[in-house]
Amino acid sequence: MHEAELKVIGGKLIRISFLLEDNKISNMKITGDFFLYPEEGIEELERRLNGIEAKPKKIQEIIIGFFNEGFVIIGAKPNDFTKAILLAKNTRSS
Amino acid sequence: MRIVNKKEKNQKDNWRLLGLEVNNASMNMAIDEAIMHCYAKGEVQNTIRFYRWHPSAVSIGYFQSVEEEVNIDFCRKMQIDIIRRITGGGAVYHDYNGEITYSLIVDEKNQIIPADILKSYEVICKGLVAGLRDLGVEAKFSPINDIVIKGKKISGNAQTRRYGVLLQHGTVLIDSNISKMFNVLRISNEKISDKIIKNIEDRVTNLRRVLHRKIEFEEVFFALKSGFEKSLQISLKEDDLTDNERQLAFQLEKKFLDKSWIFRR
Amino acid sequence: MSTQSITKSCDLAIIGAGPGGYTAAIRAAQLGARVILIEEKKLGGACTNVGCIPTKTLLNLVKLLSEIKKSKNLGLKIGEVSFDLRKIIHKKNEIVTELMQGIKFLLQSNEIHTIIGQGKLTHNKKIEVTRNDGSKEVINATKIILATGSKPMIPNIPGIDGKNIIFDEDACDLTEIPSTLTIAGGGPEGVEFAYIYSYLGSEITVIEMLPHILPAEDPEIARYLQRKMVRNGINVETNSRITSVEDSSTNKLIRVVHKGKEKTVKSEKLVVTLGRTPCISNLGLDELGVKTSSGRILVNKKMETNIKDVYAIGDVIGGAYAHEAMEEGTIAAENAFRNRKGELFMDCSIIPRCFFTIPQVAAVGLTEEEAKKQRINIKVGKFYFASNAGALTISDSEGFIKMLVNAKSKRVIGVHIVGPNASELIAEAVLAMKLKATYEDIIGTIHAHPTLSEALKEASMDVEGRSIHKSRHITKT
């Protein structure tokens, strides 16, 4: 299980956890006290991140693509999600 | 002191005031959502609602995970309800004896609501700031969604916009048992990493502390009501939920009680 | 039955010995009149026997019960608190009897002649009295005061005359506490009975037609009390009208319409407090030609009816309070017998209204809405008992005082109180209004510390935003 927390300066907390198998992401879970509009977008973002290769470029592509569709994030920037996922990738708890 | 001038009143927008109610957690959330639905259908007018939570409860934001935010065992032992909100934001302990919650439901396109979400938090929170001023408290809006007094948080707020309707709800701490709050909630170290003072009691405050006196919930209710009226330039008239809202709330309550909703992430 | 009627003469004959009647009798006697007082049922009228006195006795008792329960949190050790209903009713009856005997004694000591019987006006301004044994007498009085009071109004609702239905005058004679009880009418009587029965163990539902209980009072005050009632486990159904009452095998079924939708409230018994109506039947009003309107006797501000030397006072002219009747009785007696220049007028704008709920409610003068209707520009001052030292020392600090003043003249035009001892505190406000005092007069009056009365002074100060015990933030640049 890869997990990480990122406290956005002047913003909110993002928590990431996922499994890595053959460098592929699964069971992506993004939690935190940020605000996302519409709220259901979070499940969509997680869905899009599952199954992809845990490469920074690919992750960023998915995230930017997602936010370009009009989802609004309050308390973080799209990049913060990328940062948090990469932070999680580089740590491992169990 | 209030000067009532009949000319003034005619120019203001008429809103509905619901309050000061006491319900359990799931019903409180169900009512908020029911009002939104009925508002969207054009059945009810702009509404501000004030309520308390009985039994005391903890609500987590839409994007949070119960296990990460709440001491589940402690809540079970103390019979504190756990629910998930439809709004984002953080985990909040709603102490029956300690805080008052408001919700505001209005058309997203209403002239007093900026389209920009950050700005709209400020506009609505300014109503609370004005209300607190009536109580003799100098508070400030602190972006993104807090109200602070000398840097200590006294109010947290969360907003959602759905089907053209805006719901913002938030709390004002009146006399909270801060140590209980921090037994209920798991506080992440990361969250306080960029704060100079680690002592939890220095981060939040409540009206009783600030005013150095006992204060009745009704007095806070009235002051916040006045604050909204002055700040948003509206006129609040007390009324009840409609039967439709009540019935819908009973239905929606099931969702908030459903474990698959509460533990969805 | 005796065919021979006795004729008695006097200066003043009064029909009705309730608070209005007996007060008028005593005042007139003090002014030298020979008075005959005629009473159909019991001295003291509805107030003493089945109204104010029994209800307030029971309300003060349940207040005591709630204080005892509260005192456990204050460091007192009190065991299980319970009650003996028979003893409570017995004590209530004792108090009623004591007061009634007191009135009897006062009448005797003022040499007022009392006759128990039904009085009826005749065409030639005499009064024919029929006693219970059928004997009659005729009273020939120089002046007459009609003070026959009111009786419970029986609404036109199918089933309202069924069993297990109690009207207000019988609601203080409980032989048992029903486990569930519905109270029709959320006005003053209804809410008071709700408190009595609720504290004695009934599960109560109050049904009120208008948007909130105490519909005639300031909405802020009334809704505050309503919330407290609900918090105390009393169900309140507002905007609800009773359409019929039926019976099931065990319960009364009260059919209610709420905003167009029907529902049924079930309870063991129903108490009806939907108002009272003046007692004008069998009074001979038509015989003498006394004018009435909407069921009440018409009078001017001097308490005079359209017939010379005939006055009317109290509930029979549409009043609702004992103290109102007492004042009117005094005015009528003075106008009838005092040799003075100028007559006395009844000022209805300063009649205090008191409700012995928990917390109590009391008010005098105008509500904000009434002031608005009269196009009076007002300023409002408000003060919560939570900031009052006196209230804190008695651990009873829920509630507030709201003061309305005329913005131009600064005179106090309305005071509304919900909180501890509101019924006593209101007296100062009534005096202030009587004396046409300004809020500054109240500010300038020293109130003892620490007492609840200081809250009125603070509310006055709040009119100018200068309460001492309310913090104001200091604007810093």
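The coordinates are above.
Here is a short report on the structure shown in this document. Predicted model, so just to flag it, every value in this text is computed and none were measured. (Residues numbered from 1 in each chain as written. Chains lettered and ligands numbered in written order. Predicted model: local features only at pLDDT ≥ 70, side-chain atom pairs only at ≥ 80, totals over all residues. Heavy atoms only, no water.)

**Section: the overall build of chain C**
When you go through chain C residue by residue, the secondary structure sums to 13 helices and 24 strands. If one aligns the C-alpha atoms of chain C with their principal axes, the spans along those axes are about 90 × 65 × 50 Å. With 477 residues in all, chain C has 55% of them scored as buried. As presented, chain C carries roughly 21,800 Å² of accessible surface, and 51% of it is formed by carbon and sulfur atoms. If you average the places of the 62 positive and of the 54 negative side-chain charges in chain C, the two averages end up 4 Å apart. (Helix = DSSP H or I, 4+ residues; strand = E, 2+ residues; numbered from the N terminus. Buried < 20%, exposed > 50% of the residue type's maximum accessible area, 1.4 Å probe, protein only. Areas by Shrake-Rupley, 256 points an atom, 1.4 Å probe, with all protein chains shown as cover. Lys, Arg positive; Asp, Glu negative; His and termini not counted. Charge placed at Lys NZ, Arg CZ, Asp CG, Glu CD.)

**Regarding the overall build of chain A**
Within chain A one finds three helices and five strands. At 12 Å, chain A has a C-alpha radius of gyration in line with the 12 Å of a compact globule built from 94 residues. Oriented by its inertia axes, the alpha-carbon framework of chain A measures out at about 30 × 25 × 20 Å. Of all 94 residues assigned to chain A, the portion counted as buried reaches 50%. Considering only contacts within chain A whose residues lie at least 6 apart along the sequence, 48% involve residues at least 24 apart. Counting every atom, chain A has about 4,500 Å² of accessible surface; 52% of that belongs to carbon and sulfur. Taking the average location of the 14 positive side-chain charges in chain A and that of its 14 negative ones, the two points are 6 Å from each other. (Rg over C-alpha atoms; globule rule 2.2 N^0.38 Å. Contact = heavy atoms within 4.5 Å.)

**Describing the interface of chain A and chain B**
Every contact between the two is made by 25 residues of chain A and, on the other side, 28 residues of chain B. Buried surface at the junction of chain A and chain B, both sides included, amounts to about 2,300 Å², of which 52% is carbon and sulfur. Of all residues in chain A, Lys 7, Phe 35 and Glu 39 of chain A give up the largest surface area on contact with chain B, accounting jointly for 27% of the area buried on that side. Run the count over chain A and chain B and you get seven salt bridges. In this structure, Arg 264 of chain B and Glu 43 of chain A form a salt bridge, with 3.3 Å as the shortest nitrogen-oxygen distance. The tally of links between chain A and chain B comes to 13 residue pairs in polar contact (both at pLDDT 80 or more). Residue composition of the side of chain A that touches chain B, grouped by class: ten nonpolar, five polar and ten charged. (Buried area = accessible area lost by both parts, 1.4 Å probe. Salt bridge = Lys/Arg side-chain N within 4 Å of Asp/Glu carboxyl O. Polar contact = N/O pair within 3.5 Å; in protein donor to acceptor, adjacent residues only side chain to side chain. Nonpolar A, V, L, I, M, F, W, Y, C, P; charged D, E, K, R; others polar.)

**Examining the state of the cysteines**
Residue and element names in this part refer to chain C. Using the criterion set out here, one finds zero disulfides over all chains in the structure. With no disulfide partner, Cys 348 has as its closest neighbouring cysteine sulfur the one in Cys 354, 16 Å distant. The thiol sulfur of Cys 354 is not disulfide-bonded, and the nearest other cysteine sulfur, from Cys 52, lies at 11 Å. (Disulfide = S-S within 2.5 Å.)

**Observations regarding the packing of helix 1 (residues 41–49) of chain A against helix 2 (residues 56–68) of chain A**
All names here are of chain A. Between helix 1 and helix 2, whose axes approach to 10 Å, the crossing angle comes to 150°. On the basis of their axis angle, the class for helix 1 and helix 2 is roughly antiparallel. Between helix 1 and helix 2 the crossing geometry is right-handed. Listed contacts from helix 2 to Gly 41, Glu 44, Leu 45, Arg 48 and Leu 49 of helix 1 are Ile 59, Ile 62, Ile 63, Gly 65 and Phe 66. When its residues are assigned to classes, the contact of helix 1 with helix 2 shows six nonpolar, two polar and two charged. (Axes fitted to C-alpha atoms, helices over the stretch in contact; angles between N-to-C directions. Parallel < 35°, antiparallel > 145°, perpendicular 65-115°, else oblique. Left-handed = near helix turned anticlockwise from the far one by under 90°.)

**Let's talk about the sheet that holds strand 4 (residues 57–60) of chain B**
Residue and element names in this part refer to chain B. Reading across the sheet, the three strands line up as 5-4-6 and stay open at both edges, with mixed pairing between neighbours. The outermost strands of the open sheet, each flanked by one partner alone, are strand 5 (81–84) and strand 6 (92–94). Each strand of the sheet is rotated relative to its neighbour by a mean of 25°, with strand direction disregarded. Direction of pairing for strand 4 relative to strand 5: parallel, over a ladder of four bridges. (Pairing = 2+ DSSP bridges.)

**Description of the interface of chain B and chain C**
Of the residues lining the interface, 34 residues belong to chain B; the matching set on chain C comes to 34 residues. Both faces considered, chain B and chain C share a buried interface measuring about 2,800 Å² in area, 42% of it formed by carbon and sulfur atoms. Where chain B touches chain C, the interface holds five salt bridges. Between Lys 228 of chain C and Glu 216 of chain B there is a salt bridge, with its nearest N and O atoms 3.3 Å apart. One can count ten residue pairs in polar contact (both at pLDDT 80 or more) joining chain B with chain C.

**Overview of the pairing of strand 7 (residues 99–107) of chain B**
Residues and elements named next belong to chain B. For strand 7, the buried fraction is high: eight of the nine residues fall into the buried class. Here strand 3 (residues 47–53) pairs with strand 7 via five bridges, running antiparallel. Within strand 7, the position partnered with Phe 50 by the bridge is Tyr 102. Bridge count between strand 7 and strand 11 (residues 165–173): nine bridges; the pairing is antiparallel. Its bridge partner lying in strand 11, Ile 105 is registered against Leu 167.

**A look at the environment of Glu 245 of chain B**
Residue and element names in this part refer to chain B. Note that Glu 245 resides in helix 9 (residues 243–257). As for Glu 245 and Ala 34, which are separated by 211 residues in sequence, their C-alpha atoms are 5.4 Å apart. In contact with Glu 245, other than residues within four places in its own chain, are Arg 16, Ala 34, Ile 35, Cys 38 and Val 44. Within the structure, Glu 245 has its side chain in polar contact with the side chain of Arg 16 (distance 2.7 Å).

**Concerning the pattern of salt bridges**
Summed over the entire model, instances satisfying the criterion amount to 63 salt bridges over all chains. Here Glu 40 of chain A and Arg 162 of chain B are joined by a salt bridge, their closest N and O atoms 3.5 Å apart. A residue pair is termed interchain when its members come from two chains, as with Glu 40 of chain A in the loop between strand 4 (35–37) and helix 1 and Arg 162 of chain B in strand 10 (residues 152–162). Three or more residues joined by partner-sharing salt bridges are found here, namely Glu 218, Glu 238 and Asp 240 of chain B together with Arg 223 and Arg 227 of chain C.

**Quick look at the environment of Val 412 of chain C**
All names here are of chain C. Tracing the sequence through the fold places Val 412 in strand 24 (residues 412–419). Expressed as a C-alpha distance, the spacing of Val 412 and Ile 36, which sit 376 residues apart in the sequence, is 41 Å. Not counting residues within four places of it along the chain, the set of residues in contact with Val 412 comprises Met 403, Leu 404, Val 405, Met 433, Ala 437, Thr 438, Tyr 439 and Ile 442.

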